[in-house]
Amino acid sequence: MGSTTAENDHGPEGAGTTDLEGVGRRDLIKRSAALGLITVPTMSFLSACASGGGGDDDTSEDTQGEASESNPFGVKKGSKLDVVIFKGGYGDAYAKAWEAAFQKKWGVTSTHTGTQEITGKLQPRFNAGNPPDIVDDSGAQQIPIDVLYKNGQLLDLAEVLDSPSIDDPSKKVRDTLIPGTLDAGMQENKVVALNYIYTVWGLWYSGKLFKENGWEEPKTWADFLTICKEAKAKEIGGLAHQGKYPYYINVAIMDLIAKTGGLEAMKAIDNLDPKAFVGSDAAKAGVEAIYEVVEKGYLMPGTNGLTHTESQARWNQYKAVFITSGSWLENEQLTQTPDDFEMTFMPMPVLPDSVMPFEAIRAGSGEPFIIPAKAKNLPAAKEFMRMMLSREWSTLFAKEANSLTIVKDGVDTGVSLRPGTQSTVEVSKAAGDNTFRYLYTEWYSEMDTAIQNASNELMAKRIQPAEWLKRAQAAVDKQAKDPDSKKNRRD
Amino acid sequence: MRKGQNRFVAGFLLVPVALYLIFVIWPYIQTFGYSLTDWKGQSQTFSFIGLDNYTALFEDDIFLQAIWHNILFLVFIPVITILLALFFAFMLNAGGRGRAGGVSGVAGSGFYKIVYFFPQVLSLAILAVLFGAVYRSDSGGMLNGFLMRLGLVDENSPVEWLNEPNYVLWALILVVVWHGVGFYLVLFSAAMQAIPRDIYEAALIDGAGRAHTFFRITLPLLWDSVQTAWVYLGIAAMDMFILVSTMTAGEYGGGPDHHSEVMATVMMRNFLLYGRSGYACAMGVVMLLLTLIVSVVMLRATRRERVEF
C-alpha cells in the first residue's frame, strides 16, 4: 500500500520506483523471507543454548527458623516450599498427600508442580540460580545427576541422613534405610540424590502360561533355554525385550555378568577397569549366553524394534514367555494385563560356575529426589526429605503409587500389595544380602549410551559377542580418559 | 522525504529491530560465546577454552556422520518431493485430455487436490506416531502385516524398518515426502492456474503432447515457485529433529547405532544428556553456518531468467 501513496505524492518519481519494484520486488521479498526462514530451525536450537543470564543475586528471603530437637533444621513457620515432582508411572498424588501433611505439621505452604518436562522446566531455573527447593528428578527428561553434580547444583544430603529419624529419634535416618539403597545417589562418595523407590530388576513371566505348559521357574541358563525352545515349538517367543530402549536388555546382559563373575566383575565395570570387558571371562560368558538366545531364534519376533509399551503389551498377550524389566512393570502395565495373568518376578538364571547363587538379584533404588544447593528454603526442604523417610510417608507412597520405598519395613502391615509387587518382595527376601547394583549408569551417561548402542546391534545380529566386548571396552576406555571420571570409585 | 516522515518511519522500525536484536541476534552471539567455553549447561560456571570445542568437533565421528546424513536428506527430500508435486500438479491442472480441446485436469481433480492436501494438516508429532504404527517391527505393523499377508515376509523375522541401518534413512525420507507433496502440489497448482490458458491451447493446436507442454511451458513458467519450494525443503532437510528424535531408537533418536543421526539430535544429546553444552553450542554454530551456505548455494544454483507473461 505504501507504494501507492508514494506514487500519488510524487508523480513521475513514484512511478519510476514502482516500475523498478515490478522487476525485483517479488524476488526480493521471497528471498529475504527464505533467508529469514533459515533462521527458524537453527534458532530454536541455538536459543535453547542461550541462558537467561543468571548470576547469584539471591534475594535471600529469611527462611531460617530456630532449630530445636524436634525441628533440627529450623523450619520457619509461614515460609514457602517449591516442590517439583516427575509425574510419570507413579503419578504425583503421593506428593500432594505429603505436602498436605507437611503444611499441617509445619505451617509451610508449598507450590506443587507435577510435570514430565523436568529438563525444559528446570534447566533455565538452575542456570539462573533460582531452582526449586526439592525435585523428583526422574523420567525420560531427567537432568542427569552426574551433570547437575558437576555443576555444583546439588546439596550434599549427609546432613539429612545423619539427622534423627522421625520414627525413632535414637537412630539416624541413614540407619532406617535398606542397606545399599543410597549408593545409586552417590557422586564422588557423597550422597547427593535420594533414590526413594526400592526397585529390583530381573525377568518377569506369566504364572498362568507356566502352569498351562507345565514349566517351572528356570534356575540355570540351560533350563531357561529349554523353556525358550519349547515355547518356540508352540510359536511363542522366548525372550522379549524393549528393543527401542536397549537399557532393558543391558539389564539382562549386565546381570549375567555380575552373577557369573561376582561383585568383582561388576565393580570392574563401574571403576572403568582396562579389563572390564575384554579380558573378563565373566563378561564373555554373559554376553555369549545372551547371544545364544538371538542365534537360536528365541527372541519374540520384531522385539528389537518395539518400544517398551509395545513389547510389554505383546508379552501380556502371551506372545513371549519372559521379559526383562524392573519392579515397576506391574504398575506400568495395569491396564494391559489380563486378570488371570499372574505376573511373577524372578532373578536372572545362572550360568555354570556362577559366583553368585540363583537367588541373587540386582536391587537398589530409583526415582532420585534432590535438593538443589541454591534452594531458597533449605531448612524446609531438608525437613521434607526427613519426613519422606518416615514410616508414615512411606506408607502414603505405597498406597498412592503401589510401590515400595527404601525405608526398611516402611509399609504398614494393613496395606496389601499387588501379586507382582508381592512376588518382588519375596524374591528380595530370598536374596537376602545377595544383591548387587551397577552404578556406571548414574555416573557415566555417555558410556552407558555407547554400551546400549552396542547391545542393540548385538540383538539385531549385526555384531557378534567378540565385537560387543570390544565396543563396550572402548566405551569404558574412552570414559576413563575423561578427567572428571577419576573421582568416582567404589570398593 | 520530509523530516517528520523520517522520524515516523524510524519510530515504527525501532521496536521490531530492537526485538529482533534482543531475541534473535543476541542468542546467536551468546551461543557463539558459549561455544568457546566448557559450559556444562546447568549453572553459570565455566571457563574459556578457545577453539577446543571446534577442533574436537572435527574428530567427532558421530557428528560427521550426522552431517553426512543431513546432506543425504538435502539431496533426496527436495528432489523427490518437488518432482512428485510437479507431476501431480500438472496432471491435476493440465493433464486432462480431450473434451473439446480445452485444457483441464484429469477427471475429479478438485477432489484429489483436497485429498492430497490432507497430510499437510497433520503435525509432525502426529505423523511420527502414525508412521511409528506403519513401520512397527512386528506383525502388528501395517507394512509388515501387509507384506506377511502377501507372503513376502516371514512371520518370525519381520522387517525392522527403523532398526535396519540400510532402511532407516529411506523410511524417514518417505515420511517427509508423504507429508510435503500435498502442500507443494497446492503451491504449484496455484502458480499453474496463473498461466494463461491460451498458451496451452496454442500448444495443443500445434500438436504438443503432455510431456512437451510440461517441459516447454509449465516448468519454465513455474520456476519461481520451484525455487521457493527448493529452499523450504532444503531447510527442512537440514533440521529433521522432530521425526528422527521421536521415531528412531536412542535418547533423542539417531539409532540404530547412529545410523539415522542428524546434526540436531547429536547436538541435543550432548547438550542435555551428556552435559557438554559448550560443545553442543559449537555444533549449533556449525549448523547455522552450514544452513546458511546451503540456502545461498540453492538460491544461486536455481537462479534463472524470469519468463514474463
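Residues numbered from 1 in each chain as written. Chains lettered and ligands numbered in written order. Predicted model: local features only at pLDDT ≥ 70, side-chain atom pairs only at ≥ 80, totals over all residues. Heavy atoms only, no water.

*Asks:* Outline the interface of chain A and chain B, supporting the account with residue identities and numerical values.
*Replies:* Counting from both sides, the interface comprises 53 residues of chain A and, opposite them, 63 residues of chain B. Inspection of the region where chain A meets chain B yields 3 salt bridges. Between Arg 471 of chain A and Asp 257 of chain B there is a salt bridge, and its shortest N-O distance comes to 2.7 Å. Contributing elements (two or more residues each) for the side of chain A that touches chain B: helix 2 (12-49), helix 4 (118-127), helix 5 (145-150), helix 11 (308-316) and helix 17 (445-459) of chain A. (Contact = heavy atoms within 4.5 Å. Salt bridge = Lys/Arg side-chain N within 4 Å of Asp/Glu carboxyl O. Helix = DSSP H or I, 4+ residues; strand = E, 2+ residues; numbered from the N terminus.)

*Asks:* An account of the UniProt feature "transmembrane region" (unreviewed entry) in chain B is requested, with residue identities and associated values reported.
*Replies:* Sequence positions flagged by UniProt for "transmembrane region" (unreviewed entry) are, in local numbering, residues 7-29, 67-93, 114-135, 167-187, 229-250 and 277-299 of chain B. Along residues 114-135 of chain B, the helical share is 86% and the strand share 0%, with 26 Å between the first and last C-alpha atoms. (UniProt positions renumbered as here; feature names shortened; annotations may be inferred.)

*Asks:* Quick one: what's the story with helix 4 of chain A, residue by residue and with numbers?
*Replies:* Every buried residue of helix 4 of chain A is accounted for by Ile 118, Thr 119, Leu 122, Gln 123, Phe 126 and Asn 127 of chain A. Angular distribution of buried residues about the axis of helix 4 of chain A spans 130°; they occupy a single face of the element. Buried residues along helix 4 of chain A sit against strand 1 (80-86), strand 2 (109-115), strand 3 (134-136), helix 5 and strand 10 (361-370) of chain A together with helix 11 (263-273) of chain B. Taken from the residues just after helix 4 of chain A, Gly 129 of chain A is the one with a positive phi, measuring 70°. (Buried < 20%, exposed > 50% of the residue type's maximum accessible area, 1.4 Å probe, protein only. Arc of directions from axis to C-beta.)

*Asks:* Can you explain helix 13 (residues 378-388) of chain A? Please cite residues and give values.
*Replies:* Here helix 13 of chain A lies mainly inside the structure; 10 of its 11 residues are buried. Considered for burial, the residues of helix 13 of chain A that qualify are Pro 379, Ala 380, Ala 381, Lys 382, Glu 383, Phe 384, Met 385, Arg 386, Met 387 and Met 388 of chain A.

*Asks:* Please give an account of the side chain of Gln 479 of chain A that cites residues and values.
*Replies:* Following the sequence through the fold, Gln 479 of chain A ends up in helix 18 (residues 465-481). Judged by relative accessible area, Gln 479 of chain A falls into the buried class, the value being 9%.

*Asks:* So what's going on with the packing of helix 8 (residues 221-233) of chain A against helix 10 (residues 281-295) of chain A? Which residues, and what values?
*Replies:* Angle between the axes and distance between the axes: these two values describe a pair of packed helices. Residue and element names in this part refer to chain A. Where helix 8 meets helix 10, the closest approach of the two axes is 11 Å, and the angle between their N-to-C directions is 10°. The angle between the axes of helix 8 and helix 10 places the two elements in the roughly parallel class. Residues Trp 221, Phe 224 and Leu 225 of helix 8 form the contact with helix 10, whose own contacting residues are Ala 289, Ile 290, Glu 292 and Val 293. Classifying every residue of the contact of helix 8 with helix 10 by side-chain character gives 6 nonpolar, no polar and 1 charged. (Axes fitted to C-alpha atoms, helices over the stretch in contact; angles between N-to-C directions. Parallel < 35°, antiparallel > 145°, perpendicular 65-115°, else oblique. Nonpolar A, V, L, I, M, F, W, Y, C, P; charged D, E, K, R; others polar.)

*Asks:* How would you explain the environment of Phe 73 of chain B if you had to name every residue and give the values?
*Replies:* Residue and element names in this part refer to chain B. Inspection of the secondary structure assignment puts Phe 73 in helix 3 (residues 61-94). In this structure, the C-alpha to C-alpha distance between Phe 73 and Leu 124, residues 51 residues apart in sequence, is 17 Å. Here Phe 73 is in contact with Pro 78, Leu 169, Leu 172, Ile 173, Ala 237, Met 240 and Val 262, once residues within four sequence places are set aside.

*Asks:* Can you explain the packing of helix 3 of chain B against helix 4 (residues 109-121) of chain B? Please cite residues and give values.
*Replies:* Residues and elements named next belong to chain B. One can describe the packing of helix 3 onto helix 4 by two numbers: an axis separation of 9 Å at closest approach and a directional angle of 155°. With respect to their mutual orientation, helix 3 and helix 4 come out roughly antiparallel. Helix 4 is crossed by helix 3, and the crossing has left-handed handedness. Contacts from Phe 88, Leu 92 and Asn 93 in helix 3 reach Ser 109, Tyr 112, Lys 113 and Tyr 116 in helix 4. Taken together, the residues of the contact of helix 3 with helix 4 break down into 4 nonpolar, 2 polar and 1 charged. (Left-handed = near helix turned anticlockwise from the far one by under 90°.)

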